[in-house]
Structures are given as C-alpha cells and as structure tokens.
Amino acid sequence: MIVFDLECINGHVFEGWFDDRDDLNRQQAQGLLQCPVCDSFSVSPKLSAVAIRRSASPGPAGSDQKMASQAQLDVMAEFAEKMTQYVENNYENVGSSFAKQALEMHYGVKDFKQIRGTTTREEEKTLEKEGVPVVKLPTFNKDNEDLN
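Residues numbered from 1 in each chain as written. Predicted model: local features only at pLDDT ≥ 70, side-chain atom pairs only at ≥ 80, totals over all residues. Heavy atoms only, no water.

Chemist: What is the right way to look at the pattern of salt bridges in this model?
Modeler: Two side chains bearing opposite charge may form a pair once their charged atoms approach each other closely. This structure, assessed with the given rule, holds 6 salt bridges. Salt-bridge contacts for Lys-82 lead to Glu-78; the nearest nitrogen and oxygen are separated by 3.1 Å. Here the residue Lys-82 and the residue Glu-78 both occupy positions in helix 2 (residues 63–90), the gap between them amounting to 4 residues, near one helical turn. Judged by its relative accessible area of 44%, Glu-78 falls in the partly exposed class. A salt bridge links Glu-104 to Lys-110, with the shortest nitrogen-to-oxygen separation between them at 3.8 Å. Taken together, the shared-partner salt bridges connect Lys-100, Glu-104 and Lys-110 into one network. (Salt bridge = Lys/Arg side-chain N within 4 Å of Asp/Glu carboxyl O. Helix = DSSP H or I, 4+ residues; strand = E, 2+ residues; numbered from the N terminus. Buried < 20%, exposed > 50% of the residue type's maximum accessible area, 1.4 Å probe, protein only.)

Below is the structure:
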C-alpha cells in the first residue's frame, strides 16, 4: 500500500490509500476519486516530500549494483525535472516578495493562489512562527548547463 496526498479543485487536502501508483492513476481516470469535504470529483495528487532510504544490507556487488544505482539516479533526476516543471507551470513566481504575499494570504488580506519565490532565513523564521505552511524546494540553474 502507498499513501498519496490528494487535493480537490477547491483546495481541500486529504489522504488516499492505493495499491500502487497505477491504482491511483486508474481510479483517477475512472473518476472514482472524490473529495470527502465538498464531494468534488476533480481530484489530483499533490506534490509531497520524498524519502529515499538505503537498505541496511548491502546490495549486489559489482556492475549490477552500479547499474541499479544509475537507474535510481535516472529516476530521481526525472522526478526532479517533472516536479520543477510542475511548479514552474502551476505556481506564480513572486520572487523576493514571497514572504510578504504568503503572510497576506495567510491572514486573508489577499485571496489564496499558488505562489513560488525566494525568502531570506529571517523571513523563513517569520513564516514558520506565524504558522504559514511553506515547502522548500531545490532550484535548478538552467541558465548555465555547464554547472553541476
């Protein structure tokens, strides 16, 4: 079983338990997913934190292990690229005014919308202290492809 965070079109977030990702996709395609708060059928998986864990016992030795490791790195790189594309396409970039706008939305001064941007460490502390939910994501420098 795997648990996914789901979100309806009205912004209600809830958990869904599935056999695997294919089961989630099948149920979503068949219109079986429904928000328990507002009964909306317009439900999609939310981005969520990913945990990567090494097994306690060493895996196969030699080239098999290297191939498995490269395959895992390829999957992680593909996921990171898809996540980055999703955020870029679905969240408004508010740049350095992120903390200000997030606080305004949190306190109802502005209507809620999906935003992304940058904060200082001090702003991060303020957002945390005020109870504003924020997820920090790595940024990928696309301006210079020669950088690692």
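Chemist: Where do I start with the sheet that holds strand 1 (residues 2–8) in this structure?
Modeler: Each strand in a sheet pairs with its neighbour through backbone hydrogen bonds, running either in the same direction (parallel) or in the opposite one (antiparallel). The strand order across the open sheet built from 3 strands is 2-1-3, with neighbouring strands paired in antiparallel fashion. Looking at the sheet topology across the chains shown, the edges are occupied by strand 2 (13–18) and strand 3 (43–45). Within the sheet, the average angular offset between the axes of one strand and its neighbour, ignoring direction, is 40°. Note: strand 1 against strand 3, 3 bridges, orientation antiparallel. (Pairing = 2+ DSSP bridges. Axes fitted to C-alpha atoms, helices over the stretch in contact; angles between N-to-C directions.)

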